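# Architecture and fold: a report
Chain by chain, the residues:
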Amino acid sequence: MREALEDIRRLDPSQRIQVLKAVNKVAVNPLPLMEGGYGKPLASRSSMNLTGYCKIKIRKLGLRVVYKVSREDATMKVVVVSRRANDEVYLLAHERRDS
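Now for a look at the structure at hand. (Residues numbered from 1 in each chain as written. Predicted model: local features only at pLDDT ≥ 70, side-chain atom pairs only at ≥ 80, totals over all residues. Heavy atoms only, no water.)

### A word on the pattern of salt bridges
Put simply, the rule is: Criterion for a salt bridge: a side-chain nitrogen of Lys or Arg within 4 Å of a carboxyl oxygen of Asp or Glu. Working definition: helices are DSSP H or I runs of at least four residues, strands are E runs of at least two. Numbering for both runs from the N terminus. Working definition: with a 1.4 Å probe on protein chains only, accessible area under 20% of the residue-type maximum means buried, over 50% means exposed, and in between means partly exposed.
Summed over the entire model, instances satisfying the criterion amount to three salt bridges. Taking the shortest distance from any N to any O, the salt bridge between Arg10 and Asp7 comes out at 2.7 Å. With Arg10 and Asp7 both in helix H1 (residues 2-10) and three residues apart, this pair spans about one turn of that helix. In this structure Arg10 comes out as exposed when scored by relative accessible area, which is 61%. Here Arg96 makes a salt bridge to Asp7, at a shortest N to O gap of 2.6 Å. Within this pair, whereas Arg96 is found in helix H3 (residues 88-96), its partner Asp7 is found in helix H1, the two being separated by 89 residues in sequence.

Laid out in structure tokens, this is it:
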């Protein structure tokens with residue numbers, strides 16, 4: 001997704017490296033944990049329905065990556081990379097979903 005690429009470009013170089021390492025690790029098996037993959041599934045939060053999306057936590061940086069798995073070929077589509085603070089990352093994911 002174009003917006004997610006912009007999110008990554010806005011990070012400082014050291015953050016960018018850590019985010020890309022995490023994404024590459026999860027991309028090996030992006031399915032949700034309950035299906036044997038690395039993804040941590042999201043569900044409905046407040047007024048946001050993010051069922052079918054997964055997240056990657058980069059705790060040291062306070063960042064989250066939200067992505068959706070394509071079931072046909074088990075690929076991942078990164079939707080947003082942002083801070084978790086005030087649910088910012090989840091609000092952006094909700095706005096960007098299905099686009």
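### Considerations on H3
We apply this condition: Here the arc refers to the directions that run from the helix axis out to each C-beta atom.
Every buried residue of H3 is accounted for by Val89, Tyr90, Ala93 and Arg96. Taken down its axis, H3 places every buried residue within 130 degrees of arc, on the same side.

### Re the layout of surface pockets
To keep it simple, the criterion reads: Points on a 1 Å grid over protein atoms alone make up a cavity when a 1.4 Å probe fits among them but cannot get out, and a pocket when they form an open set with protein on both sides within 12 Å along at least five of seven lines; lining residues each have an atom within 4 Å of a point. Grid points are joined across faces, edges and corners, and a volume is the space filled by probe spheres set on the points. Gly counts as polar in this scheme, as do all residues outside two lists: the nonpolar Ala, Val, Leu, Ile, Met, Phe, Trp, Tyr, Cys and Pro, and the charged Asp, Glu, Lys and Arg.
For the largest pocket, the calculated volume is near 180 Å³. Contributing to the lining of the largest pocket are Ala22, Lys25, Val26, Tyr38, Lys40, Lys55, Ile56, Lys57, Ile58 and Arg59. Of all elements in the fold, only helix H2 (13-27) and strand E4 (53-58) reach the threshold of two or more residues within the lining of the largest pocket. Looking at the lining of the largest pocket, the element that brings in the most residues is E4, giving four residues. Its residues assigned to classes, the lining of the largest pocket comprises five nonpolar, no polar and five charged.

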